[in-house]
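As a plain string of letters, each chain reads:
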Amino acid sequence: MTDIIEFLKKEGVSSDLLEGVSAFRAAYPADGEKQEGRVPLTDILYYGKKVWEEALAALLAGKNLLLCGPKATGKNVLADDLASCFHRPAWNISFHISMDASWLIGADTFDGNRVVFRPGPVWLCAKEGGFGILDEVNMARNEALAVLHSALDHRRMIDVPGYEKIDVHPAARFIGTMNYGYAGTRDLNEALSSRFVILQMPTISETDLERLLAARFPGMKGKIRSQFAEISERALDLRGLLDAIALTEKGIKAGDALEMCVVNKTFDKYERSLIRDVIGARIPADLGRNEIFG
Ligand SMILES: Nc1ncnc2c1ncn2[C@@H]1O[C@H](COP(=O)(O)OP(=O)(O)OP(=O)(O)O)[C@@H](O)[C@H]1O
Ligand SMILES: [Mg+2]
């Protein structure tokens, strides 16, 4: 496992912020095996110094963070890395249209003998001082989200009729992620968005992408790496690009791998041919494993 603080030092992240993180970790060490087991591993690192500094500053200031941006801009990678950097247990909570407040906070259930409270992920996270990753937070209905208001603002408490009132632990933070701008995405209502510090996630820079490729595919030839980095510049889905490279490593030709992982993700025939042209101009379709990896 990579030591994330060492990584951030090398990235040139401000030493003031990193000292702040160390002080936070000393003040709130993960408590016991159960919490340790929830601290995410840092096998995928987020590249982007400015975003790191802004995110660390917001969390050190006690704020909650909303990561907004197009698909595959590293929102979940960063959210996990942040929990790992602060060394706090994380709860990954996928938001969806049919969730309600009791799904987040918890509900009374009958255990065969008596009625007991079965806590939900937001309740647990608040109580244990965890990092709650509210994934695709905009996908839930406003009524379900309303229970988060008092947890996310200066009140830092959860007070829902019929439940025990609890204070949000001082180490707890909430990190929302949301997509926008394509079919099926929704806006987040203002009552909720005003309770977050909002980061617009940039697409990875070409230099950082080359570093990412070098780290993830150490055997890849330098020149080919640059060619792949270049096509991603053209607003192609980075997740698909990484998948395609992984398939070429298994012996699929570059053209077919890119077809499966990038081109076929578009369901419009005309757009598909445009993407195919962008790729074809930079990566010969018949490149195979031996040409890509040295
Ligand atoms: N700046 C970056 N640093 C490191 N990895 C990145 C970066 N941007 C994108 N990636 C890579 O892109 C892939 C997708 O990342 P992730 O799942 O975090 O994206 P996301 O923004 O949550 O996407 P979605 O909106 O589709 O859920 C991962 O392989 C991740 O490593
Ligand atoms: Mg995501």
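Quick caveat, the model's predicted, so the values are computed rather than measured.

Visitor: Outline the site of ligand 1, listing residues and values.
Guide: Around ligand 1, 19 residues are found, and the nearest of them are Ala 72, Lys 75, Asn 76, Asn 179 and Arg 216. Thr 73 places a polar main-chain atom, nitrogen or oxygen, 3.1 Å from an oxygen atom of ligand 1. The contact in question runs from an oxygen atom of ligand 1 to an N or O atom on the backbone of Val 77, over 2.9 Å. Those elements that provide at least two residues to the shell around ligand 1 are α5 (75-85), α11 (206-216) and α13 (238-249). The residue inventory of the shell around ligand 1, partitioned by class, reads ten nonpolar, four polar and five charged. Inspection of the shell around ligand 1 shows a minimum of three residues originating in each of domain 1 (4-200) and domain 2 (206-292).

Visitor: Now, about the domain arrangement of the chain: what can you tell me, with residues and values included?
Guide: Partitioning the chain into domains gives domain 1 (4-200) and domain 2 (206-292). On a C-alpha basis, the centroid separation for the pair domain 1 and domain 2 is 33 Å. Listed per partner, the contact involves six residues of domain 1 and eight residues of domain 2. Buried area between domain 1 and domain 2, both sides added, is near 610 Å², and the carbon and sulfur share of it is 55%. Linking domain 1 with domain 2 are one salt bridge, by the criterion used here. Linking Glu 11 and Arg 211 is a salt bridge whose minimum nitrogen-to-oxygen distance equals 2.3 Å. Across the domain 1-domain 2 interface, the total number found is one residue pair in polar contact (both at pLDDT 80 or more). Its residues assigned to classes, the side of domain 1 that touches domain 2 comprises three nonpolar, one polar and two charged.

What counts, and at which threshold
- Residues numbered from 1 in each chain as written.
- Chains lettered and ligands numbered in written order.
- Predicted model: local features only at pLDDT ≥ 70, side-chain atom pairs only at ≥ 80, totals over all residues.
- Heavy atoms only, no water.
- Near = heavy atom within 4 Å.
- Polar contact = N/O pair within 3.5 Å; in protein donor to acceptor, adjacent residues only side chain to side chain.
- Helix = DSSP H or I, 4+ residues; strand = E, 2+ residues; numbered from the N terminus.
- Nonpolar A, V, L, I, M, F, W, Y, C, P; charged D, E, K, R; others polar.
- Domains from an automatic or database assignment.
- Contact = heavy atoms within 4.5 Å.
- Buried area = accessible area lost by both parts, 1.4 Å probe.
- Salt bridge = Lys/Arg side-chain N within 4 Å of Asp/Glu carboxyl O.

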